[in-house]
Amino acid sequence: MQIDLAKLTVKEARDHMRAGDFSCVELVELYLDVAKNKNGDINAYIEIYDDVLEKAKEADGRIKNGESGELLGIPLAMKDNILVKGKKASASSRILENYTAVYDATVTEKLKNAGAVFLGRTNMDEFAMGSSTESSYYGPTKNPIDTDRVPGGSSGGSAAALAMNGALASLGSDTGGSIRQPASFCGLVGLKPTYGAVSRFGLMAMASSLDQIGPIGKSVEDTEILFKVIKGYDHMDSTSSKKADEDVLEDKKQLTIGVPANLLEMPGIDKDVLENFNHSIESLKKAGFGIKEIKLEYAKYSLPAYYIIMPAEVSSNLARFDGVKYGFLKEGENLLEDYLQTRGEGFGKETRRRIMLGTYVLSAGYYDAYYNKANAVRSLIIEDFNKAFKGVDLIATPTTPTPAFKIGEKSKDPLAMYLSDIFTAPANIAGIPSISIPSGVAERDGKNLPLGLQLMATHFREDLLFGVGKAFEKI
Amino acid sequence: MEDKDIKKLASLARIKISEDEGKGFIKDMESILSYVSEIGEVDTGGVNPETLELKNVFREDTNPYKEGIFTEDILNEAPKTEKGYIKVKKIL
């Protein structure tokens, strides 16, 4: 049968392959063709793996044998900071350019067990630090919808690979919006799960109290299928939670969605974005959901708190890159010079900037005013959300303050770039699950740029995001 | 923030940066720090210390892997090795 890559979903592909309508090899060949034709321009993939067809043949054999893995034969793209044993994984940094993973991440193992086929590793902001995929050592990724614009970041390659029809779904990581913002910019669905719901064993750590792995897909159902495969308690990740294995039994008939009006009044939010958001809320109301205006008193401090806590954790996590244990080494006259030169030349500019910022907020004399204060504010934000979720089941905001911006527009001004995370950072600060769903377009320079609706729920209630998300997709 | 502050930070972070880059960082850091200082407005006097209660999540140091099963794979990634060890310049 003729395969329409633009429309194909994970569920459909799985059903068609089981029915024998097409094989995994046929599907994978189409994706390899797209990658060959488009990747030179888009730069979504850093590497297409050399064993893709071999793995596809294996999957076809298993399908013929009647095996029924959840993702048997499903071609996926992997963000370059998640380990696949025997494959390179660089976090798009020079310092790990030649690093080969010596073990599988837990999510990789789970996806392999479910039968997924990995097409390759995708471009990202170096060490996941950025909102545009421009800080990669391998050059920027372009947005397939408008190649003058960024795909978002840091998981920009994982989103662009799907948007150029070069994969069926992908994994990303989200520390302050790095799954949801690129999903929004590329017209896709992106899920940041609850902190502790998905194991981070084998994910290169950026900011450990905020990082989560999650799926990007073309539909809410696809992200749900992937999430169910990768979630679960893992003793290899000390922050993994046993609650991730519990089923939610509550089934409420009438759900209420909270709209934090005071967050929408912050400066820098595009008029078209607000209009589209109000329209989405109207549609949800008409579809029968309760809509309630709420006030999140402290959530607006999420972004400044985030840009203290995150670099503090970055400066400590990235201390391991020293040219001794793995990765790039630039030798100097003595061991100290080895460290200074290796890190000076191995890390890109934004990474160096964030490590230094983190070093500053953690240094004696500033620790209380910045780091401790940010953690106290974080407590207030968590209480803010806890209180809000007593009155509403979900909270909605736009995913991003603007549609996709132009390549180069913000790369010289770090603060302007940081403000891209204004709606997404609160969910990481509070550890709650959040999803971005396509909600329409804004026209810019004759191109229709996608916008996204963000839905947040309380801890471990991804089911609510999927339920309302599916209803919203049908509107 | 002055040149010497940036130099001190770079040295604490074990990162070599050029004079020019140091000057650029001063400007960036000042704008970022002025933005994040907004949290100073928040009265955190009444913060419930239990909201962010930290607990030890380290496992007990028991049941180690069999010695040597990962040694080769791991050492293959090290820039310099000798006789099964990672090699660095002498520090004494």
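Note that the structure is predicted; figures quoted are calculated from it, not measured.

> I'm lost on the overall build of chain A in this one. Help?
Of regular secondary structure, chain A possesses 16 helices and 11 strands. What you see for chain A is a C-alpha radius of gyration of 21 Å, in line with the 23 Å of a compact globule of 475 residues. Principal-axis analysis of the C-alpha atoms places the extent of chain A at approximately 65 × 65 × 50 Å. Counting every position in chain A, which comprises 475 residues, the buried fraction comes to 64%. For chain A, the proportion of contacts with a sequence separation of at least 24, taken over those separated by at least 6, is 75%. Accessible area for chain A stands at about 16,900 Å²; split by element, carbon and sulfur atoms hold 48% of it. Measuring between centres, the 56 positive side-chain charges of chain A sit 2 Å from its 64 negative side-chain charges.

> What's the story with unusual backbone geometry in this structure? I'm lost.
Glycine aside, negative phi is the norm for most residues, and most peptide bonds take the trans geometry. At the junction of G153 of chain A and S154 of chain A, the peptide bond is cis and its omega measures out at 10 degrees in the coordinates. Assignment of secondary structure puts S154 of chain A in the loop between β3 (117–122) and α5 (156–163). With phi around 50 degrees, S92 of chain A is a residue other than glycine that occupies positive phi space. Along the chain, S92 of chain A turns up in the loop between β2 (75–79) and α4 (106–113). In this structure S92 of chain A comes out as buried when scored by relative accessible area, which is 0%. Even without a glycine there, the phi angle at R14 of chain B is positive, about 55 degrees. Considering the arrangement of structural elements, one finds R14 of chain B in the loop between α1 (3–12) and α2 (19–36).

> Sorry if this is basic, but what is going on with empty space enclosed by the protein here?
By rolling a water-sized probe across the atoms, one finds the places where empty space is left. On inspection of all chains with the given rule, the structure shows seven cavities of 30 Å³ or more. Reported here for the largest cavity is a volume of approximately 80 Å³. In terms of lining, the largest cavity is formed by D322, G323, V324, L329, E331, L335 and D338 of chain A together with P79, K80, K87, V88 and K89 of chain B. A class-by-class count of the residues in the lining of the largest cavity yields five nonpolar, one polar and six charged. Computed from the structure, the second largest cavity encloses a volume of approximately 60 Å³. If you go around the second largest cavity, the residues you meet are A128, G130, S131, G153, G176, G177, S178, M206, Y306, Y307, R354 and D421 of chain A. Classifying every residue of the lining of the second largest cavity gives four nonpolar, six polar and two charged.

> Can you help me understand the packing of helix α2 (residues 24–42) of chain A against helix α3 (residues 52–64) of chain A in this one?
For any two helices packed against each other, the geometry comes down to the angle between their axes and how far apart the axes lie. All names here are of chain A. As a packed pair, α2 and α3 sit with axes 8 Å apart at the nearest point and diverge in direction by 155 degrees. By the angle class used here, α2 and α3 are roughly antiparallel. Both α2 and α3 take part in a crossing whose hand is right-handed. Residues C24, V25, V28, E29 and L32 of α2 lie in contact with α3, whose contacting residues are V52, L53, A56, K57, A59 and D60. In the contact of α2 with α3, the residues fall into eight nonpolar, no polar and three charged.

> What is the right way to look at the pattern of salt bridges in this model?
Charged atoms that come close allow side chains of opposite charge to pair. In total, this model carries 35 salt bridges over all chains according to the counting rule given. If you follow the salt bridges from partner to partner, you end up with D146, R149, K406, D445 and K447 of chain A in one network.

> How should I be thinking about the environment of Y31 of chain A in this particular structure?
Residue and element names in this part refer to chain A. Counting through the fold element by element, Y31 comes out in helix α2. As a C-alpha pair, Y31 and A161 span 130 residues in sequence and 9.7 Å in three-dimensional space. If sequence neighbours within four positions are ignored, Y31 has contacts with L5, L8, P75, L119, N165, G166, A167 and L168.

> Any chance you could explain the packing of aromatic side chains here in plain terms?
Note on aromatic pairs: each is described by the distance of the centres and the angle between the planes. All names here are of chain A. Inspection of every chain in the model, using the stated rule, returns 17 aromatic pairs over all chains. On the numbers, 6.2 Å between centres and 85 degrees between planes, the contact of F321 with F347 is edge-to-face. Of this pair, F321 sits in the loop between α10 (302–317) and α11 (335–346) while F347 sits in the loop between α11 and α12 (349–361), and the two are 26 residues apart along the sequence. A relative accessible area of 6% means that F321 is categorised as buried. Taken together, the ring pairs connect Y99, F127, F321, Y326 and F347 into an aromatic cluster. Note that K242 overlies the ring of Y233, its terminal NZ or CZ placed 4.9 Å from the centroid. The ring of F405 carries K410 above its face, with NZ or CZ at 4.7 Å from the centroid.

> What should I look at first to understand the sheet that holds strand β10 (residues 434–444) of chain A in this one?
Across a sheet, strands are paired by hydrogen bonds formed along the backbone, either parallel or antiparallel in direction. Residue and element names in this part refer to chain A. Ordered by their spatial adjacency, 11 strands build an open sheet running β1-β3-β2-β4-β6-β5-β10-β11-β9-β7-β8, and the pairing between neighbours is mixed. This sheet does not close on itself; its edge strands, each paired only once, are β1 (45–48) and β8 (290–294). Neighbour-to-neighbour, the strand axes of this sheet turn through a mean angle of 30 degrees, independent of strand direction. In this structure, strand β7 (residues 256–260) lies alongside strand β9 (residues 394–398), joined through two bridges in parallel fashion. Along β9, the bridge assignment pairs G258 with I395. On the sheet, α3 packs against β1 and β3 and is oriented at approximately 150 degrees with respect to β3. On top of the sheet, helix α16 (residues 462–474) reaches β5 (189–192), β7, β9, β10 and β11 (447–457); it is set at about 30 degrees to β10, its chief contact.

Conventions and cut-offs
- Residues numbered from 1 in each chain as written.
- Chains lettered and ligands numbered in written order.
- Predicted model: local features only at pLDDT ≥ 70, side-chain atom pairs only at ≥ 80, totals over all residues.
- Heavy atoms only, no water.
- Helix = DSSP H or I, 4+ residues; strand = E, 2+ residues; numbered from the N terminus.
- Rg over C-alpha atoms; globule rule 2.2 N^0.38 Å.
- Buried < 20%, exposed > 50% of the residue type's maximum accessible area, 1.4 Å probe, protein only.
- Contact = heavy atoms within 4.5 Å.
- Areas by Shrake-Rupley, 256 points an atom, 1.4 Å probe, with all protein chains shown as cover.
- Lys, Arg positive; Asp, Glu negative; His and termini not counted.
- Charge placed at Lys NZ, Arg CZ, Asp CG, Glu CD.
- 1 Å grid on protein atoms, 1.4 Å probe; cavity = no way out; pocket = protein on both sides within 12 Å on 5 of 7 lines; lining within 4 Å.
- Points joined across faces, edges and corners; volume = space filled by probe spheres on them.
- Nonpolar A, V, L, I, M, F, W, Y, C, P; charged D, E, K, R; others polar.
- Axes fitted to C-alpha atoms, helices over the stretch in contact; angles between N-to-C directions.
- Parallel < 35°, antiparallel > 145°, perpendicular 65-115°, else oblique.
- Left-handed = near helix turned anticlockwise from the far one by under 90°.
- Salt bridge = Lys/Arg side-chain N within 4 Å of Asp/Glu carboxyl O.
- Phe/Tyr/Trp six-rings, centres within 6.5 Å; stacked < 30°, edge-to-face > 60°.
- Lys NZ or Arg CZ within 6 Å of the ring centre and 35° of its normal.
- Pairing = 2+ DSSP bridges.

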